[in-house]
2 protein chains.
Amino acid sequence: MGSPYHQFCPVAKATELLDGRWTLLVIRELLSGSRHFNDLRRGVPKMSPALLSKRLQELVRAGVVERRDDGREVAYLLTPAGEELRPVVESLGAWGTRWVGELGDADLDPKLLLWDLHRNVDSDLLPPGRTVVTFRFLDVPAKERDWWLVLTAAAVDVCDFDPGYDVAVSVTGTLRELVLVWRGDLDWFQALRSGTLTVQGPEQLRRALPGWFPPSRFAAVPRPDAGVLA
Amino acid sequence: MGSPYHQFCPVAKATELLDGRWTLLVIRELLSGSRHFNDLRRGVPKMSPALLSKRLQELVRAGVVERRDDGREVAYLLTPAGEELRPVVESLGAWGTRWVGELGDADLDPKLLLWDLHRNVDSDLLPPGRTVVTFRFLDVPAKERDWWLVLTAAAVDVCDFDPGYDVAVSVTGTLRELVLVWRGDLDWFQALRSGTLTVQGPEQLRRALPGWFPPSRFAAVPRPDAGVLA
DNA sequence: CGGTATCCCCGTCGATACTG
DNA sequence: CAGTATCGACGGGGATACCG
């Protein structure tokens with residue numbers, strides 16, 4: 001919680017709670033369904049655990065988050081007040097989508113992208129059984145270049161090492177390109193046609209893959225120029 | 001602009017721009033129509049001018065604000081991108097209204113309240129000519145206890161000194177009470193009935209006064225319990 | 001009116017390591 | 001898995017004064 005503004009305006013009172021660094025991103029993670037400390041960390045990997053812990057305590061004190069400890073594990077849950085922050089985060093994300101298009105190289109974190117993709121897998125469209133997809137990012141240092149996604153109806157696992165299963169499909173391209181697809185700045189088919197992103201594997205799986213990985217919830221936000229054309 | 005989060009998520013990119021201290025309140029002021037530096041200052045009186053200046057420059061760089069200098073005066077205007085922050089500020093204010101009810105004494109700034117009231121005067125309901133209304137806050141140190149509002153169809157002026165005109169109506173009560181009325185936590189008639197707020201003057205003007213001072217735009221936000229009863 | 005200039009402090013945050 | 005502990009730097013921003 002930032003220091004007080006000494007204003008009675010509700011915008012000020014809300015901002016007091018929310019303008020601390022990382023706070024809104026933690027709430028974004030909670031809204032997107034993460035409940036455990038280490039899951040939250042994966043959504044904000046550059047945030048130190050100490051600060052995450054502090055932010056969570058602040059949010060608990062503010063009545064936005066409930067910490068539920070059942071002895072075996074701890075869960076952080078949004079209270080009704082916290083859940084009602086969804087419109088704030090949504091409008092912020094929609095605005096960011098429309099008006100903050102340019103991404104620096106430092107904004108492109110493969111770990112985060114895989115974490116996002118994994119959360120959004122449309123398991124209804126998966127083949128039965130286990131499907132392993134690899135991602136290779138040509139513009140990324142070797143250490144973070146290769147990723148494996150192990151997809152089943154029950155769960156999706158992200159690995160930064162070869163889990164040993166047969167690989168069904170491989171996606172190759174630049175990290176930037178795949179991030180643009182995720183954000184909806186580009187769609188799968190544009191990216192594939194332009195050749196900067198390639199998918200290898202049996203035809204049927206290649207065709208199905210875009211369906212497994214639907215873009216971010218903000219992908220559908222109309223871009224500033226859309227209205228002019230329509 | 002805060003330091004970067006190094007995330008490609010649009011919520012993060014938007015937050016980078018907006019999570020600096022005071023930034024959202026400056027935008028609130030711009031959205032509510034203030035265009036000049038010193039008008040903006042009145043809306044964020046506790047902010048140092050140096051910081052306000054810095055924030056405005058950041059917002060200009062971010063494409064949210066346009067600084068227009070015509071040689072005689074400088075105007076800060078929201079760009080289309082800036083105007084589109086309205087939903088963010090509105091949802092934030094609505095949330096604050098619902099979930100951050102308790103106000104500390106330090107949140108009660110008479111100057112700010114008068115500034116808000118003055119911006120919202122419904123001049124259609126004013127009597128013809130000039131009407132002077134005084135406010136006396138019983139719970140406030142002498143220096144900030146008495147205020148004058150000079151109302152005409154053309155303009156509304158706030159004074160912290162007696163401007164010398166005849167006073168038509170006087171409002172007396174605690175600052176807290178009037179802030180609650182402004183926020184919509186209490187309505188004029190409740191406050192008057194309870195006697196903690198009193199209005200003195202000719203009957204007709206006394207009756208008309210609540211109409212001159214409509215509550216904040218957030219007053220109509222339904223409170224958390226409202227749904228239960230309806 | 002519309003800002004700059006400066007100073008300095010204190011709190012925030014990042015980094016790193018470690019624990020039950 | 002779920003955090004604490006510690007430490008240091010830096011820079012944000014509060015205060016105050018001043019200029020065109």
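Further up the page is the structure itself.
Residues numbered from 1 in each chain as written. Chains lettered and ligands numbered in written order. Predicted model: local features only at pLDDT ≥ 70, side-chain atom pairs only at ≥ 80, totals over all residues. Heavy atoms only, no water.

Undergrad: Is there a simple way to explain the pattern of salt bridges in this structure?
TA: Residues and elements named next belong to chain A. Summed over the entire model, instances satisfying the criterion amount to 42 salt bridges over all chains. Its salt-bridge partner being Arg217, residue Glu90 comes within 2.8 Å of it at the nearest N-O pair. In this pair, Glu90 sits in helix H6 (residues 86-99) while Arg217 sits in the loop between helix H10 (203-212) and helix H11 (226-229), placing the two residues 127 residues apart along the sequence. On the accessibility criterion, Glu90 (28% relative accessible area) is partly exposed. Note on Arg217: relative accessible area 57%, which makes it exposed. Residue Asp146 is joined to Arg136 by a salt bridge in which the shortest nitrogen-to-oxygen separation is 2.8 Å. Of this pair, Asp146 sits in strand S4 (residues 146-151) while Arg136 sits in strand S3 (residues 131-137), placing them ten residues apart in sequence. On the basis of relative accessibility, which here comes to 22%, the residue Asp146 falls in the partly exposed class. Connected through salt bridges with shared partners, the residues Arg28, Glu29, Asp116 and Arg119 form a single ionic network. (Salt bridge = Lys/Arg side-chain N within 4 Å of Asp/Glu carboxyl O. Helix = DSSP H or I, 4+ residues; strand = E, 2+ residues; numbered from the N terminus. Buried < 20%, exposed > 50% of the residue type's maximum accessible area, 1.4 Å probe, protein only.)

Undergrad: Would you take a moment to explain the sheet that holds S3(A) for this structure?
TA: What links the strands of a sheet is backbone hydrogen bonding, and the strands pair in either a parallel or an antiparallel sense. Residues and elements named next belong to chain A. What the five strands build is an open sheet, ordered S5-S4-S3-S6-S7; its pairing is mixed. Each of the sheet's edge strands pairs with one partner strand only, and the pair in question is strand S5 (156-159) and strand S7 (197-200). The mean angle between the axes of side-by-side strands here comes to 15°, regardless of whether they run parallel or antiparallel. Summarising the sheet, S4 and S5 pair through four bridges and their orientation is antiparallel. Across the sheet, the residue bridging to Trp148 is Cys159, located in S5. Its contacts with the sheet place helix H7 (residues 110-120) against S3, S4 and S5, and it is angled at close to 150° to S3. Relative to the sheet, H10 contacts S3, S4, strand S6 (169-173) and S7, its axis offset from that of S6 by approximately 70°. (Pairing = 2+ DSSP bridges. Axes fitted to C-alpha atoms, helices over the stretch in contact; angles between N-to-C directions. Contact = heavy atoms within 4.5 Å.)

Undergrad: I keep staring at the pairing of strand S2 (residues 74-78) of chain A and nothing clicks. Help me out?
TA: A regular strand carries its side chains on alternate faces of the sheet. Residue and element names in this part refer to chain A. Burial of S2 is extensive: four of the five residues sit out of reach of the surface. In terms of strand pairing, strand S1 (residues 65-69) meets S2 through five bridges, oriented antiparallel. Within S2, the position partnered with Val65 by the bridge is Leu78. Turn length for the S1-S2 hairpin, with the two strands adjacent in sequence and antiparallel, is four residues, and the turn residue Gly71 shows positive phi of about 90°.

Function cannot be read off these values alone, since they describe shape.
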